[in-house]
Amino acid sequence: MMHPQISRSLLWVFAFTTMMTATVKSVSANEANSESKKLQVLLVAGGCCHDYSTQAKLLKEGIESRIDAEVTVALSTTANTKTTFEIYESDDWADGYDVVIHDECSANVTEKPYVNRILAAHQNGTPAVNLHCAMHSYRWGDFRSPVQPGSDNSAWYEMLGLQSTGHGPKFPIKVQHANGEHPITDGLDDWTTINEELYNNIRIFDGATALIQGKQMTPPNKNMLKKNPDAKPLEASAVVAWTNSYGPNKTRVFSTSLGHQNDTVADDRYLELVVRGLQWASNTLPPTGTAK
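Because the structure is a prediction, the values reported are computed rather than measured.

Engineer: An account of the pattern of salt bridges is needed here, citing residue identities and associated values.
Structural biologist: Taken as a whole and assessed by the stated rule, the structure comprises nine salt bridges. Across the salt bridge formed by K38 and D68, the nearest N and O atoms sit 2.9 Å from each other. With K38 in the loop between α1 (4-36) and β1 (39-47) and D68 in the loop between α2 (52-66) and β2 (69-75), this pair connects stretches of sequence that are 30 residues apart. Overall, D68 belongs to the partly exposed group, its relative accessible area being 34%.

Engineer: Quick rundown of helix α7 (residues 268-281)? Include the residues and the values.
Structural biologist: For α7, with 14 residues, the first-to-last C-alpha span of 20 Å sits near the 20 Å given by 1.5 Å per residue. Within α7, 12 of the 14 residues are buried, which leaves it mostly tucked inside the rest of the structure. Residues of α7 that are buried: Y270, L271, E272, L273, V274, V275, R276, G277, L278, Q279, W280 and A281. Capping the start of α7 is the job of one residue whose side-chain oxygen sits 2.8 Å from the backbone nitrogen of R269: D267. One or two positions beyond α7, positive phi appears at N283, with a value near 60°.

Engineer: Any details on the pairing of strand β4 (residues 128-131)? Residues and values, ideally.
Structural biologist: The two faces of β4 match: A128 and N130 on one face and V129 and L131 on the other face are all buried. Pairing of strand β3 (residues 99-105) with β4, which is carried by three bridges, proceeds in the parallel orientation. Considered in β4, the bridge of I101 is made with V129. One crossover worth recording links β3 to the parallel β4 by way of helix α3 (residues 112-123), and it is right-handed.

Engineer: Which residues make up the sheet that holds strand β7 (residues 191-196), and what values go with them?
Structural biologist: Overall, mixed pairing links the nine strands, which are arranged β2-β1-β3-β4-β11-β10-β9-β6-β7 in an open sheet. Two strands in the sheet have a free side with no partner beyond their single neighbour: β2 and β7. Within this sheet the neighbouring strands show an average axis-to-axis angle of 20°, counted without direction. When β1 meets β3, the two strands line up parallel, connected through seven bridges. Across the sheet, L42 pairs through a bridge with V100, a residue of β3. Here α7 sits on the sheet and contacts β1, β3, β4, β7, β9 (208-218), β10 (234-246) and β11 (251-256); the angle it forms with β11, its principal contact strand, is near 170°.

Reading the values: rules and limits
- Once a new chain begins, its residue numbering starts again from 1 and follows that chain's sequence as written.
- Given that this is a predicted model, residues contribute local features only at a pLDDT of at least 70 and side-chain atom pairs are listed and counted only at 80 or more, while totals for whole chains, interfaces and linings are drawn from all residues.
- Excluding hydrogens and water, the side-chain values take into account all heavy atoms of the structure.
- Within this document, salt bridges are pairs made up of a side-chain nitrogen of Lys or Arg and a carboxyl oxygen of Asp or Glu, the two lying within 4 Å of each other.
- Helix numbers and strand numbers start at the N terminus; a helix is a DSSP run of H or I with at least 4 residues, a strand a run of E with at least 2.
- Any residue under 20% of the maximum accessible area for its type is buried, any over 50% is exposed, and the rest in between are partly exposed; the area is computed with a 1.4 Å probe on protein chains only.
- In a helix, the anticipated span is given by 1.5 Å times the number of residues less one.
- Polar contact is the term for a pair of N or O atoms within 3.5 Å; when the atoms are in protein, one must be able to donate a hydrogen and the other to accept it, and sequence-neighboring residues count only if both atoms are side-chain atoms.
- The pairing criterion is simple: DSSP has to find at least two bridges between the two strands.
- For crossovers, right-handed means that the path from the first strand over the helix to the second runs clockwise, given strands pointing away from the viewer.
- Between N-to-C directions, angles span 0 to 180 degrees; the directions come from axes that are lines fitted to C-alpha atoms, helices contributing only their stretch in contact.
- Any pair of residues with heavy atoms lying within 4.5 Å of one another is described as a contacting pair.

If you want it as structure tokens, here you go:
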């Protein structure tokens, strides 16, 4: 026969063990729930003319260090204008992601079913963030002239909200926050980049809102000086960051044409802008406009 005191001790141990097991399960469930609340971000990067391996790493680390997000990178090491991405081969490629960052440079990818598959996800409500050479991707026909909404070659530009076709030489750009009242730019200071590419503006579509203006002074080149030794620097100006309301669901889209150089992408001011744009697009930007 078991002594009553031993019996009580065993019951206490059993009760304590049960309680601790339940606590561990509860903590594990809470941790899993916390993980599921992370903003799920897909970063598609690769293509011509840029160091995408480095920039994808900088963007992933920069985003995850600023907000509660998990960035999944779909990186292509193919470095040409015909770069495509395996992830886009599926109709449900964007499922499970709260927002998609397009950081690809695929100017000569012109297969309409492929491009339409990308756009369908955003038409159906998946927010988008477009960086730098994404503005010069998926274009065909007479894309150097202003395209008309609904035309054969306007689809990608309509998602972006702005049509750009090229850029000038690399010189510093003065970043001026033209719309300081917008949540994305609220409180951000003007600054000047290192040598960067100023993308031109061919047309801005209805639904787009300009946020930041870029101004660039270009010194006269040899030919200009040969014709006129007193030739003055030329000033170019263009919108370099904007938002767009896209498609039947008025999907939120944020874009910036800045970001050619690795040092620009690594700049805290650039990363803050991209993170704010990402939060705005996914409707998770705090009222103050400041990333966590």
